[in-house]
Amino acid sequence: PGPFPTAHPRFVAPFREAMRLRTAALLLVLAVAGALLLAVAGAGAGDVSAASADMGRWATFAQPGYAPADDEVSVGNDKLVVILALRQRNLAFLEERARAVSDPLQPDYGMYFSRDEVNNMAGPAEEDVRIVKEFFEGTEGTVKFSKGRDLVRFVCSARCIEKTFGTKLEMQKSLAKPGTSPYRSASPIKLPEHVAAALDGVSLNAPIFMPKRPKQPTFPPWRYPAVHDMPVINPNLISGDQFLSLKFIVYCKDGKANQDMLDDGVCSSHGTQIVSIEILVLQHPMMQKVLVLPAIKDVLGQLVGDCGPGGSCVEFNATVGSIQNYASTTARIRAHFSDGSVSAFSDPTKIGSVFLLPYTTPAMLSKFYGIPMGEPVRNPRNIISVAEFVGQYYNPKDLEAFFKLMGVRSWDGEGRTQPQLIGPDKPVAGSVFGGEAQLDLQYIMALAPNVSTWFWSVPGTELATTQEPFLDWLMQVADTDDDKVPLVHSVSYGDDSTTMPAWFKNRVNQEFMKLALRGISILIAAGDDGASGARARLDPTACQQSNPEFPAESPWVTAVGGTQLARAGTPVCQYSTDTVIVSCQDEREVVCSSSTGGGVTTGGGFSNDFERPWYQSGINGVVAKYLRQ
């Protein structure tokens, strides 16, 4: 991007005029709202609880895996973070301006507002600030207002949280991961009515956690049978770039599992030996490969297998290479005996199929998408931020090892390949638990090797669940100076939208809108569970409805779906009958799906929380065309 734009002075006059014209209407609304508040106040005893008309902001629910923390040891002096969200002003006007500066067809496109201009317009009423400040500064906790004074970071001990919010905390039964909180609120929050009236909500109860999960079937661990009449393949096939690996055991002439190592001769203690293994690799629709591997140590791997209680056996493993990528693949095997006889082939119904796919390397992505990896960066405002939550860290040594292995940038010189760290990092925890953070950082920095990158770590979790502390992160981003804040933020996190209260989703969406008004782009992963969302993993009935994940469903972010390469880029490439087979050799980008070999099925769908945004509307828009199909 070019120079960072600032707000045009002509926006100030229309804003003042609009405010003058709306004064009478605003006074009427305030009068009605005041009457409603008085009516609510008369119904209670001065506290906001789950019984109030606004219960959605304060109610809590039972959470599996937590136990009451009644004893002195459980709830003590651990410092917990709660984000307080004060009510904002002028949001309709700000959204109107955000549309104007974000739409390339509008004359005001690119005329972004500064941080201070946004804060001055959206900031809460002075009286609300005073009320919140006086109440929370009267506790033993610490209070830090954002620069816009619309968000507050309240840090206090667990006992202090219980006392301040009139609630009870529960503690996670199992050991909490580094960077996550073991606590959650177990009873409704109770705040003085005038304090609650100044707030949209507090992160102590947002987002709400998953509803009770349906009972899942339990299965015994998989074992090889001790007696069988054909070889058995472990159902967990391993696939890679043009190769397939399989583990299996063979059975001797007497039907018993082989217990002899390769050096001793397979089945030598049972009479007739097995001298070779025939592997048949089958690929859809009509491809196959046959190999006969001698039963020797230079060809097969071996280890002690599990053939049930009291049953010992030897498990072999073999890898077959030079297999076609982009095809559904499975395998069958049979044993060749020294007397010239052969066993039956293994049962094909006992194992699934896998897709062989090329490795997704930075070089492959650069070539396929035309990303120039050696381009110099001429604008110092080119900064990418990678946001990480829930105890996800990275290890600098792992990052440098990845760069060296992939050959994507120089690794000489201390600090040349490391991002700017915002927040804490725990490298050892990153190597163990940081799969998400390491993946995000390694590939973003590899594909933009000359762009400054920030690793924005917000390790805490919302106390209601182990979900991402989005408001804490958004408060930090919003406070960053205009000449320093990254213009692009990558977020590969999301949650089941149905588990979050409406106020929380609306407030996070408003924060995204305010960042858009400043010219800041937020890219968020669409999820890994198709249009039905994460709940479908545990509840098959959830597949009957669309449930995109939050915050990817926000109209003020760019939701990014997953893609993969395949040789089925057009429908005809997937066509086959008994007499006709269409084979395509061109590699094309397709939607990532388990049906085409993807590790996940990418998320997406129609939001249940927000109206279709203006940029997707119109009778000739892509959404309208889709709905007419």
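Procedures and definitions
- Residues numbered from 1 in each chain as written.
- Predicted model: local features only at pLDDT ≥ 70, side-chain atom pairs only at ≥ 80, totals over all residues.
- Heavy atoms only, no water.
- Buried < 20%, exposed > 50% of the residue type's maximum accessible area, 1.4 Å probe, protein only.
- Helix = DSSP H or I, 4+ residues; strand = E, 2+ residues; numbered from the N terminus.
- Pairing = 2+ DSSP bridges.
- Core = buried A, V, L, I, M, F, W, Y, C linked by side-chain atoms within 4.5 Å.
- Contact = heavy atoms within 4.5 Å.
- Phe/Tyr/Trp six-rings, centres within 6.5 Å; stacked < 30°, edge-to-face > 60°.
- Salt bridge = Lys/Arg side-chain N within 4 Å of Asp/Glu carboxyl O.
- Axes fitted to C-alpha atoms, helices over the stretch in contact; angles between N-to-C directions.

Asker: Give a description of the pairing of strand β13 (residues 274-283) that names residues and reports values.
Answerer: Every other side chain in a regular strand lies on the same face of the sheet, so the side chains alternate between the two faces. Within β13, eight of the ten residues are buried, which leaves it mostly tucked inside the rest of the structure. Of the strand pairs in this sheet, β13 and strand β17 (residues 328-337) are connected by nine bridges, and their pairing is antiparallel. Pairing of Leu 280 across the sheet is with Arg 332, part of β17. Relative to strand β14 (residues 287-294), β13 runs antiparallel, the two being bridged by eight bridges. Across the sheet, Leu 280 pairs through a bridge with Val 290, a residue of β14. Where β13 folds back on β14, the antiparallel hairpin that results is connected by three residues.

Asker: Now, about the nonpolar core: what can you tell me, with residues and values included?
Answerer: Residues Phe 389, Trp 473, Val 491, Phe 512 and Ile 522 are the most contacted members of the largest nonpolar core, which totals 46 residues. Looking at this core, the elements that each hand over two or more residues are β3 (79-86), α3 (91-102), α4 (115-122), β19 (383-389), β21 (452-458), α12 (470-479), α13 (502-517) and β23 (521-525). In terms of residue count, the dominant contributor to this core is α13 (eight residues). Ignoring any residue separated from it by four or fewer positions in sequence, one finds Phe 389 in contact with Val 458, Glu 468, Pro 469, Phe 470, Trp 473, Val 491 and Tyr 493.

Asker: Could you give an account of the packing of aromatic side chains, naming the residues involved and the relevant values?
Answerer: Applying the stated rule across the entire model yields 19 aromatic pairs. Ring geometry for Phe 368 against Tyr 369: centres 5.2 Å apart, planes inclined by 80°, an arrangement best described as edge-to-face. Residue classification places Phe 368 among the partly exposed residues on the basis of a relative accessible area of 32%. Overall, Tyr 369 belongs to the partly exposed group, its relative accessible area being 41%. Here Phe 402 and Tyr 443 contribute two aromatic rings whose centre-to-centre distance is 5.3 Å and whose plane-to-plane angle is 50°, an arrangement assigned as tilted. Of this pair, Phe 402 sits in helix α9 (residues 396-406) while Tyr 443 sits in helix α11 (residues 435-447), and the two are 41 residues apart along the sequence. Across the pair, exposure class does not vary: Phe 402 and Tyr 443 are buried alike.

Asker: Could you give me a rundown of the pattern of salt bridges, with the residues and numbers involved?
Answerer: Proximity of charged atoms lets side chains of opposite charge pair with each other. Overall, the coordinates contain 22 salt bridges when judged by the stated rule. Note that Asp 481 is salt-bridged to Arg 115, the shortest N-O span being 2.6 Å. Here the residue Asp 481 occupies a position in the loop between α12 and β22 (488-491), and Arg 115 occupies one in helix α4, the gap between them amounting to 366 residues. Accessibility expressed as a relative area gives 11% for Arg 115, which makes it buried. With a closest N to O distance of 2.6 Å, Lys 514 and Asp 150 form a salt bridge. Residue Lys 514 is located in helix α13, and its partner Asp 150 is located in the loop between β4 (142-145) and β5 (151-157); the two are separated by 364 residues in the primary sequence. Note on accessibility: Lys 514 and Asp 150 belong to one class, buried. Salt bridges linked by common partners bring Arg 87, Asp 150, Asp 200, Arg 507, Glu 511 and Lys 514 together as one network.

Asker: Before we move on, could you go through the sheet that holds β21 and cite the residues and values that matter?
Answerer: Spatially, β20-β21-β19-β22-β23-β24 is the arrangement adopted by the six strands of the open sheet, whose pairing is parallel. Each end of this open sheet is capped by a strand with a single partner; those strands are β20 (420-422) and β24 (558-560). For this sheet, the mean inter-axis angle between neighbouring strands, taken without regard to orientation, is 25°. One ladder, built from four bridges, connects β19 with β22; its direction is parallel. Each bridged residue has a counterpart across the sheet, and for Ala 387 the counterpart in β22 is Val 491. Sitting on the sheet, α11 touches β19, β21 and β22, and the angle it makes with β19 is about 170°.

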